Structure formats: structure tokens, C-alpha cells
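# Structural overview for review
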Amino acid sequence: MVKEKSNYKILDLVGRGQFGRVYAAIERRSGTLVALKELNIKQLSTSSFLRELTFLVTLDHFNIVTCRALEHKQNKRYLVMDYCEGGTLRSLIDRESKLDLTQSLQLVIDVLHGLEFAHARGIIHRDIKPENILLKSSGRGYSAHIADFGIAQLNQQIESRDVLGNTGSPAYMAPEQFYGDYSYNCDLYGLGIV
């Protein structure tokens, strides 16, 4: 039996989330740096995995992390995504004693552009927080990119009350989310807390 070789060479662990790990990797053919989001099969159902994948491949916007491919090896599933070398907004906040006002406003504007695009397609993120805002270096400092659509919902699913409960990060959740009520305003509330 020949072992199937991965299309990606893992370089380092760069993050951990609720449902798996994120690695920096190089695509073997092109040499492109990517992020591999490993999704724990035991913790994340196939339907949740496919929902996030569907959202990511339909949301092609500069301020939303792009999903480039899917890799399935033995008992592991990976989303192959854009690599954001600046890390998370949380890591930037923790490193800096105070963020420059101009940079702060630009990051908020970037996230608003990404949310506007997602909302126009009926998608509510439901978990906007510094850990889900990734950064890329740009001529103006950093650009912000929304990540982790794992608990996102389509607006028509919300209206039909087919929701997962009060999921999200409590410190960034709008009060109505605790009662299972979701709208685009919940994402804006989360960004306001950020």
C-alpha cells in the first residue's frame, strides 16, 4: 500500500481554535505559503464542516480569508486558506500598548467591508472577535480579514429558527444572541466591542 503524499508541507503550528489547529504550510508545487486549518473530525460534524466550507468558497472578498482548497488525508480534514502573516488582531492588541488611531479605524473599516459583503449574501458570522480577525501586512500597516465562519448562519436559517443555540463568544455577543435571536446587527455589535 502506497501512502498518499500531502500537497502541503507543514512548517509550524500557528494557532489553535475550538475545533482544531491551524498550521503554516507551503504548497509543494507552487511554493505558496498557506494556512492549513485542521478540523477535528470527532468534535466537528461533517455538516458543520461543509457549512463552513460552503461559506468560505462563496465569500470571495479581500477582507474575508479565502479558502483555496480542501485536503482530506486519512482521519484528518484541512481547509487550505490564505496565510495571514500578521497573526490575529488579539495578538496585535496584546503586543501593542496602544494602537495608532488611523490604523485602528482602518482595521474597523476593513472588517465592515467584509461584513457588508457577507451580509449582502445573507450570511451572519455570529462570532466577530479579535481572534477571528486576521492581519496581513500592507503599505498602511495591516489589513484586516475575517476568518472562522464555523458557526455562521444564513439569514433565512435564522428566520426559520433553525439555529444552534446561543453560540458565539459571550464577551462579544449581542444581548439578543443569548436568547437565540440573531441578525446582521449581532455582527456589528461584536465589532463595536472589538
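Placed above this text is the structure.
Computed from a predicted model, the values in this text were never measured in an experiment. Residue positions are counted from 1 within each chain, in the order its sequence is given. Owing to the predicted nature of the model, reporting of local features is limited to residues with pLDDT of at least 70; listing and counting of side-chain atom pairs is limited to 80 or more, with chain, interface and lining totals taken over all residues. Excluded from the side-chain calculation are hydrogens and water; included are all heavy atoms of the structure.

Formed by 29 residues in total, the largest nonpolar core has its most connected members in Leu59, Leu79, Val111, Ile123 and Phe149. If you list the elements that add at least two residues to this core, you get helix H1 (46-58), strand E5 (76-82), helix H2 (89-95), helix H3 (101-120), strand E7 (133-138) and strand E8 (141-146). Helix and strand labels come from DSSP, where a helix needs a run of H or I of at least four residues and a strand needs a run of E of at least two; each type is numbered from the N terminus. It is H3 that contributes the most residues to this core, five residues altogether. The residues touching isoleucine 123, leaving out its near neighbours within four places in the chain, are Phe55, Thr58, Leu59, Ala118, Phe149, Ala152, Gln153, Leu154 and Tyr184. Among the nonpolar cores identified, the runner-up in size contains seven residues, and Tyr23, Ala25, Leu36 and Val80 belong to it. The criterion is simple. A nonpolar core is a set of buried Ala, Val, Leu, Ile, Met, Phe, Trp, Tyr and Cys residues joined through side-chain atoms within 4.5 Å. Summary of the burial criterion: residues with accessible area below 20% of their type's maximum are buried, those above 50% are exposed, and those between are partly exposed, where the area comes from a 1.4 Å probe applied to protein chains only. Only heavy atoms matter for contacts: two residues are in contact if any of them lie within 4.5 Å across the pair.

Between its first and last C-alpha, H3 extends 28 Å over 20 residues, near the 28 Å set by a 1.5 Å rise per residue. Definition of a polar contact: a pair of N or O atoms within 3.5 Å, with one able to donate and the other able to accept a hydrogen when the atoms are protein atoms, and with sequence-neighbouring residues admitted only if both atoms are side-chain atoms. For H3, the N-terminal cap is aspartate 100; the gap from its side-chain oxygen to the backbone nitrogen of threonine 102 is 3.1 Å. After H3 finishes, the residue glycine 122 shows a positive phi value of roughly 80°. The span you would expect from a helix comes to 1.5 Å times its residue count less one.

Attention shifts here to unusual backbone geometry. For arginine 126, which is not glycine, the phi torsion reads 75° and is therefore positive. If you trace the backbone, arginine 126 turns up in the loop between strand E6 (123-124) and E7. For arginine 126, a relative accessible area of 2% translates into the label buried. Unlike most non-glycine residues, aspartate 148 shows phi in positive territory, near 60°. Residue placement: aspartate 148 occurs in the loop between E8 and strand E9 (153-154). For aspartate 148, a relative accessible area of 27% translates into the label partly exposed.

We now examine helix H5 (residues 184-193). Of the residues making up H5, those classed as buried are Cys186, Asp187, Gly190 and Leu191. Projection of H5 onto a plane perpendicular to its axis shows the buried side chains occupying an angular sector of 140°, all on one side. Where H5 is buried, its residues touch H3 and E6. In this description, one arc is meant: the one made by directions from the helix axis to the C-beta atoms.

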